[in-house]
Amino acid sequence: QGNDEDTPIVVLSPQLANQIAAGEVVERPASVVKELMENSLDAGATKITINIEQGGQKRIAIQDNGKGISKQQLGLALSRHATSKIRDIDDLERITSMGFRGEALASISSVSRLTLISKPVNQSAAWQAFAEGTDMAVELKPTAHPDGTSVEVLDLFFNTPARRKFMRTSKTEFQHVEQVVKRIALARTDVEFVVSHNQKKMLRFANNVTLDKRIAQICSNQFIENAVRVDYQFEGIRLHGYCCKIGTGMPTRDYQYTYVNGRMMKDRLLAHAIRQVYEEALAPQKFPAYVLFLDIAPEQIDVNVHPAKHEVRFHESRKIHDVVFKALTEAIGGYSANIEAAQN
Ligand code: ADP
Ligand code: MG
């Protein structure tokens, strides 16, 4: 439709604008959990507690012991395009935090009943904020809460029936939540994570464990028994973690984790380089298994490619491919060796 007197151009209400933005990031309960956990990590939390009810469709509650949000800033935290993480285009070119779009809380809040509660260490009382109505006006109330922040998300998608229809069973939705927690927990051995579903404790990852311990807990002992350590550096790029030995591998593709600057990515370039290393070098019916962290200067990548930050662009993709290939080849004992192993 064009614009004429019957259908004039109007500015959408804040709520509707947020709901449209939510369409890109808030696909299901697991995406809410991801955004909220990333906020807790950006706030320096060392413990994150996640309580889920009915696969997250009824309730998602996340509590952290991070630096908190002052009473004066609670309303802003719930507003769209409001962030404490970047200031200008230069900051956007070198992102070091998980968040930077200033959209998650506003988006989630527009498609659920979201309450944000926080108490910074230097503030004597805790306050809670709740945004309501098409203008998303924020209401503040005093409450009780230890140092840190809690976000409670009730009735996800109650006002967006189209999205609600795509929810699966509570069991399936919870499995997606678990997957998100595991991906993040693999990258943050310095943080404790506790997850409950319908009041029952389902996962607990202690903090300050070694990476191999955390991998064993999340990916099985078999994974770590068959893995070698990777630690490779080249011109400011570092690749580290664990990958499976020649002649081993796992029975499914579920044990393939790659991270770029701490963010889990399913990146085609990385996957391609890894596949090339393992070509024919694994046991029959086995798939490469790896947990690998690529660390690179933030100005060498662009993470502002997809709203959910699932993708990254490398400025020097050829070099990245070479680094991954060389790092793994070295770790598993040489490319020619793996061809030989495959032939024997
Ligand atoms: P972004 O993470 O992109 O900045 P969000 O909408 O996720 O945007 O959060 C908005 C702001 O609210 C953040 O920039 C941060 O300042 C604050 N915030 C959100 N969650 C937390 C938390 N758990 N602890 C401390 N501050 C938080
Ligand atoms: Mg965020």
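Cut-offs used in this document
Residues numbered from 1 in each chain as written. Chains lettered and ligands numbered in written order. Predicted model: local features only at pLDDT ≥ 70, side-chain atom pairs only at ≥ 80, totals over all residues. Pairing = 2+ DSSP bridges. Helix = DSSP H or I, 4+ residues; strand = E, 2+ residues; numbered from the N terminus. Axes fitted to C-alpha atoms, helices over the stretch in contact; angles between N-to-C directions. Near = placed C-beta within 6 Å. Nonpolar A, V, L, I, M, F, W, Y, C, P; charged D, E, K, R; others polar. Parallel < 35°, antiparallel > 145°, perpendicular 65-115°, else oblique. Left-handed = near helix turned anticlockwise from the far one by under 90°. Contact = placed C-beta atoms within 7 Å. UniProt positions renumbered as here; feature names shortened; annotations may be inferred. Expected span 1.5 Å × (residues − 1). Buried ≥ 20, exposed ≤ 12 C-beta atoms within 10 Å, placed from the backbone. Arc of directions from axis to C-beta.

Colleague: Give me the lowdown on the sheet that holds strand S3 (residues 113-119), citing residues and values where you can.
Modeller: By way of backbone hydrogen bonds, the strands of a sheet pair with one another, either parallel or antiparallel. The strand order across the open sheet built from eight strands is S5-S4-S3-S6-S2-S1-S7-S8, with neighbouring strands paired in mixed fashion. Whereas interior strands pair on both sides, the edge strands pair on one side only; in this sheet they are strand S5 (137-143) and strand S8 (200-205). The sheet shows a mean angle of 15° between the axes of neighbouring strands, direction not considered. The pairing of S3 with strand S4 (residues 126-132) spans four bridges and is antiparallel.

Colleague: Requested: an account of the site of ligand 1, with residues and values cited.
Modeller: Asn39, Ala43, Thr83, Gly99 and Ala104 are the nearest of the 22 residues found near ligand 1. Breaking the shell around ligand 1 down by element, the ones donating at least two residues are helix H2 (29-42) and helix H5 (104-110). Here the residues of the shell around ligand 1 are counted per class, giving seven nonpolar, nine polar and six charged.

Colleague: Mind laying out the packing of helix H7 (residues 170-187) against helix H8 (residues 211-219), listing which residues take part and the relevant values?
Modeller: In contact at an axis separation of 9 Å, H7 and H8 are set at 165° when each is read in the N-to-C sense. If you check the angle between H7 and H8, you find them roughly antiparallel. H8 is crossed by H7, and the crossing has left-handed handedness. Contact residues: H7 offers Lys182, Ala185 and Leu186, while H8 offers Arg214, Ile215 and Ile218. Of the residues in the contact of H7 with H8, the class split is four nonpolar, no polar and two charged.

Colleague: So what's going on with the UniProt feature "domain: DNA mismatch repair protein S5" (unreviewed entry) in the protein chain? Which residues, and what values?
Modeller: This chain's UniProt record puts "domain: DNA mismatch repair protein S5" (unreviewed entry) on residues 215-333. Across residues 215-333, helical content stands at 31% and strand content at 29%; the span's end C-alpha atoms are separated by 22 Å.

Colleague: Go over the packing of H2 against H7 with me, naming the residues and quoting the values.
Modeller: Axes are the key here: two packed helices are described by the angle between their axes and the distance separating the axes. Where H2 contacts H7, the two axes come as close as 8 Å, and the packing angle between them is 25°. The pairing of H2 with H7 is recorded here as roughly parallel in orientation. Crossing of H2 against H7: the hand is right-handed. Where H2 abuts H7, its residues Pro29, Ala30, Val33, Lys34 and Met37 lie against Glu173, His176, Val177, Gln179, Val180, Val181 and Ile184. Per-class residue counts for the contact of H2 with H7 are eight nonpolar, two polar and two charged.

Colleague: An account of helix H1 (residues 14-25) is requested, with residue identities and associated values reported.
Modeller: With twelve residues, H1 should reach 16 Å at 1.5 Å per residue; the first-to-last C-alpha distance of 17 Å fits that figure. Residues Asn18, Gln19, Ala21 and Ala22 constitute the buried set of H1. Buried residues of H1, viewed axially, fall in a sector of 165°; they line one side. When the buried face of H1 is taken as reference, the exposed residues oriented beyond 90 degrees from it are Leu16 and Ile20. Buried residues along H1 sit against H5.

Colleague: Quick one: what's the story with the sheet that holds strand S11 (residues 256-260), residue by residue and with numbers?
Modeller: Overall, mixed pairing links the five strands, which are arranged S9-S10-S13-S11-S12 in an open sheet. Strands with a single pairing partner mark the edges of an open sheet, and in this sheet they are strand S9 (227-234) and strand S12 (263-265). Direction aside, the axes of adjacent strands within the sheet are offset by 20° on average. With five bridges connecting them, S11 and strand S13 (residues 290-295) associate as parallel partners. If you follow Gln256 over to S13, its bridge partner there is Tyr290. Across the face of the sheet, helix H11 (residues 317-332) comes into contact with S9 and strand S10 (237-244) while running at roughly 135° to S9.

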